Amino acid sequence: MKKAELYAHVERFSRDNKLKPDQYPRNALAVSTQYGLTVHYAEFTSDRIRGVALISDNLTILNYRLLPRQRNYFAAHELVHHDNHGDIKTEFYCSVGNPDNRKYYEWEANEGAAEFLVPYKSLLPTIKCNIRDIHSPDDMEVFRTNLAKQFNVPKQTIYYRMERLKYAIYQYLGGTPLSQLVIISHKEQESRGISVNSLNDVYDEML
Ligand SMILES: [Zn+2]
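Residues numbered from 1 in each chain as written. Predicted model: local features only at pLDDT ≥ 70, side-chain atom pairs only at ≥ 80, totals over all residues.

Caption draft 1: Quick peek at the packing of helix α2 (residues 28–35) against helix α3 (residues 68–84). Closest axis-to-axis distance for the α2/α3 pair is 8 Å, and the angle between their directions is 30°. Residues Ala28, Leu29, Val31, Ser32 and Tyr35 of α2 lie in contact with α3, whose contacting residues are Arg71, Asn72, Ala75, Ala76 and Leu79. Grouping the constituent residues of the contact of α2 with α3 by class yields 7 nonpolar, 2 polar and 1 charged. (Axes fitted to C-alpha atoms, helices over the stretch in contact; angles between N-to-C directions. Helix = DSSP H or I, 4+ residues; strand = E, 2+ residues; numbered from the N terminus. Contact = placed C-beta atoms within 7 Å. Nonpolar A, V, L, I, M, F, W, Y, C, P; charged D, E, K, R; others polar.)

Caption draft 2: Up close: the nonpolar core. Within the largest apolar cluster, 40 residues are counted, with the highest numbers of intra-cluster contacts made by Ala76, Ala113, Leu117, Val118, Val153 and Ile169. Not counting residues within four places of it along the chain, the set of residues in contact with leucine 117 comprises Arg26, Ala28, Asn72, Tyr73, Ala76, Phe151 and Val153. (Core = buried A, V, L, I, M, F, W, Y, C linked by C-beta atoms within 7 Å. Buried ≥ 20, exposed ≤ 12 C-beta atoms within 10 Å, placed from the backbone.)

Caption draft 3: Just helix α8 (residues 166–173), in detail. By the burial criterion, the buried members of α8 are Lys166, Tyr167, Ala168, Ile169 and Tyr172. Buried residues in α8 make contact with α5 (120–130), α7 (155–164), α9 (186–191) and α10 (199–204). Phi turns positive one or two residues past the end of α8, at glycine 175, with a value near 110°.

Caption draft 4: Examining the sheet that holds strand β4 (residues 91–95) more closely. Here we have 4 strands laid out as an open sheet, ordered β1-β3-β2-β4, and mixed in their pairing. Either end of the sheet is taken by a strand with one partner, and the two such strands are β1 (38–42) and β4. Sheet twist, expressed as the mean angle between neighbouring strand axes with direction ignored, is 15°. Here 5 bridges tie β1 to strand β3 (residues 59–63), and the two strands are oriented parallel to one another. Looking at β3, one finds that valine 39 is bridged to threonine 60. Those strands touched by α3 are β1, β2 (49–54), β3 and β4, and its axis lies near 30° from that of β2. (Pairing = 2+ DSSP bridges.)

Structure (structure tokens):
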């Protein structure tokens, strides 16, 4: 699945679960339960493991050490594994630094969770409304902090969102309507010779 298809899939999933793009923060734990999953917390032998999706058992297990916003993020991450791979009846052990053979699945779950919790159709207009008031790296940091609170995700998720969506943000701030944005991965941007700076880069360069 390519990035644009994954986003369309997440949008359909959200609609099916009666969530609107302008309705946030989203509670991935509540949606998991609504979807028919059981969510448990456990102490794992390795703290690197953040969460586990046991597909056959409709079970998500989260590391009990996760902070509330991390729980929301990883509940969404495991939910994407369940929803996209209910057919393969496997188990996903999600940690920091996943083995190469699972890289695609982890990309899908990370990108899908980020889009589910921070939909680009909500994020981009919020950025456009606020960008004129962001004049320094400190302003940018405050903005990211506020967004993280608003969307109930770790601050890192907002940082990565700005990286992953940099080409979409660039197009949108340049006047392209949301419905006409070209959503492509970093890899595809490279192969098309497209190189733009993320907002993180733009403000970091002021330092
Ligand atoms: Zn995973």
